[in-house]
Amino acid sequence: MEICEALVLRKSNYGEADLIITLFSRELGKFRALAKNAKKSQKRFRGRLDFFNRLAIEVTLNKGRFNLITDVTLKESYREITESVDSFVAANRVLELLDFLVPEQEPGGELFDLATDSLGLLSRKQKPYSVFLVFFLRALTLCGYRPDLRFTKGENIAGFDVENGKLGSLEKTHGKRNIYPFHMDIMRRPEIMDANPQKVKNNIRVLMRYTEYCTGKHLEKTGFADET
C-alpha cells in the first residue's frame, strides 16, 4: 500500500462501472490505476477523481496486474479554473504536457510542485498564457529538453532553430528551414508578458514545434498553440 499526492491526467472507461486513471504524483511519478466501481459509487470517491484536484491517493501496486486505488482524499481544489475559458484551456494543456513529457514511474518531485503551483496561479485568475509559457519552459528544463535561449544581440526578435533549440539572428537565418521568430523582449522582461499576449502565444507555438522535434512525437491532443 502506497500513499501519494497526485493529479489526474487522464480517465478512461473500463467495463460498465470502473475507471482507469492516469495519475501524476510527487512520489511515484506517472502511473495508471484502476478505480473500481468509480462511475457508480458516490460514497467511495464522491467525484474527487476529477481534473484540477490535488489528491492524496491510497493505492495498492500490483506487478503484472492493475494497480488499485483504495482511497482518495481531496487536498486542494483548483475548480476556479473552470470559470474562465482561457484558464480552462491552459490548465488542460498543463496536464496534457505532463502526460506527453513524463515517462512512467519516475518520481515527480520538482515537476509535481511546478504543476500544482501553475494550476494554483490559474485558479487565482493569473494571465493564462503567461502562466503556461513559464510552466512550459520550466517543464522542458526539468525533463531534459531545456532550449538555449542565450541571445546577446539587442533585437527583440530572434530566430529560434527548432532542430537544435538555439537562437540566432532572425535576419541571417531568414528563409532557412525550421527557423521561427521568437520574441526575446518578453523573455528578458517577464513582467511585460501579461501586456503582450500575442508574443506569448507565438513563443508557445514555437516551443510546441521544438518539443515535437526533440521527442519525435506529435502533440496530438495538445492543440493549445492552434487554439491560441
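Look a little higher up for the structure.
Residues numbered from 1 in each chain as written. Predicted model: local features only at pLDDT ≥ 70, side-chain atom pairs only at ≥ 80, totals over all residues. Heavy atoms only, no water.

Engineer: So what's going on with helix H2 (residues 109-123)? Which residues, and what values?
Structural biologist: Between its terminal C-alpha atoms H2 stretches 22 Å, which fits the 21 Å expected from 15 residues at 1.5 Å a residue. Buried residues along H2 sit in contact with strand E1 (2-14), strand E2 (18-25), strand E4 (53-60), helix H1 (85-101) and helix H3 (128-142). Backbone geometry just after H2 places Lys125 at a positive phi near 70°. (Helix = DSSP H or I, 4+ residues; strand = E, 2+ residues; numbered from the N terminus. Expected span 1.5 Å × (residues − 1). Contact = heavy atoms within 4.5 Å.)

Engineer: I'd love a proper account of the pairing of strand E6 (residues 157-161), names of residues and values included.
Structural biologist: For E6, the tally of buried residues reaches four of five residues, placing the bulk of the element in the interior. Where E6 meets strand E8 (residues 179-183), five bridges bridge the pair, whose relative direction is antiparallel. Opposite Gly159, over in E8, you have Pro181 as the bridge partner. Pairing geometry for E6 and strand E7 (residues 166-169), over four bridges, is antiparallel. Bridging across to E7, Ala158 finds its partner in Ser169. Between E6 and E7, which follow one another and run antiparallel, lie four residues, and Gly165 among them has a positive phi close to 65°. (Buried < 20%, exposed > 50% of the residue type's maximum accessible area, 1.4 Å probe, protein only. Pairing = 2+ DSSP bridges.)

Engineer: Please give an account of the environment of Gly144 that cites residues and values.
Structural biologist: Within the secondary structure layout, Gly144 lies in the loop between H3 and E6. Residue classification places Gly144 among the exposed positions, given a relative accessible area of 59%. Sequence-wise, Gly144 and Leu101 are 43 residues apart; in three dimensions their C-alpha atoms are separated by 9.7 Å.

Engineer: Residue-level account of the packing of H1 against H3, with values.
Structural biologist: Between H1 and H3, the shortest axis-to-axis distance is 9 Å and the interhelical angle comes to 10°. Judged on the interaxial angle alone, H3 and H1 are roughly parallel. Contacts between H1 and H3 involve Asp86, Ser87, Ala90, Arg93, Val94, Leu97, Leu98 and Leu101 from the former and Pro128, Tyr129, Phe132, Phe135, Phe136, Ala139 and Leu140 from the latter. Classifying every residue of the contact of H1 with H3 by side-chain character gives twelve nonpolar, one polar and two charged. (Axes fitted to C-alpha atoms, helices over the stretch in contact; angles between N-to-C directions. Parallel < 35°, antiparallel > 145°, perpendicular 65-115°, else oblique. Nonpolar A, V, L, I, M, F, W, Y, C, P; charged D, E, K, R; others polar.)

Engineer: An account of the packing of aromatic side chains is requested, with residue identities and associated values reported.
Structural biologist: One pass over the structure, following the stated rule, counts seven aromatic pairs. When the centroid spacing of 5.0 Å and the interplanar angle of 75° are considered together, the rings of Tyr14 and Phe66 count as edge-to-face. Within this pair, whereas Tyr14 is found in strand E1, its partner Phe66 is found in the loop between E4 and strand E5 (68-77), the two being separated by 52 residues in sequence. Its relative accessible area of 38% is what places Tyr14 among the partly exposed residues. On the basis of relative accessible area, Phe66 is assigned to the partly exposed category, the value being 35%. Here the aromatic rings of Phe160 and Tyr210 are separated by 5.5 Å at their centres, their planes lie at 85°, and the arrangement is edge-to-face. Here Phe160, found in strand E6, pairs with Tyr210, found in helix H5 (residues 197-215); they are 50 residues apart in sequence, far enough to count as distant. For Phe160, a relative accessible area of 0% gives the class buried. The exposure class of Tyr210 is buried, given its relative accessible area of 5%. (Phe/Tyr/Trp six-rings, centres within 6.5 Å; stacked < 30°, edge-to-face > 60°.)

Engineer: If you had to explain the nonpolar core to someone new, which residues and values would you point to?
Structural biologist: With 48 residues, the main nonpolar core has Leu119, Phe132, Leu133, Phe135 and Leu207 as its most contacted residues. Those elements giving two or more residues to this core turn out to be E1, H1, H2, H3, E6, helix H4 (185-188) and H5. Looking at this core, the element that brings in the most residues is H3, giving nine residues. Of all hydrophobic cores here, the second largest spans 18 residues; its members include Ala33, Leu55, Ile57 and Val59. (Core = buried A, V, L, I, M, F, W, Y, C linked by side-chain atoms within 4.5 Å.)

Engineer: A description of the sheet that holds E7 should follow, citing residues and the corresponding values.
Structural biologist: Strand pairing in a sheet relies on backbone hydrogen bonds, with the paired strands running either antiparallel or parallel. Across the sheet, three strands lie side by side as E7-E6-E8; this open sheet has antiparallel pairing. Each edge of the sheet is formed by a strand with only one pairing partner; in this case those strands are E7 and E8. Looking at each pair of strands side by side, their axes are set apart by 45° on average, direction ignored. Along the sheet face, H5 touches E6 and E8 and points at about 140° away from the line of E8.

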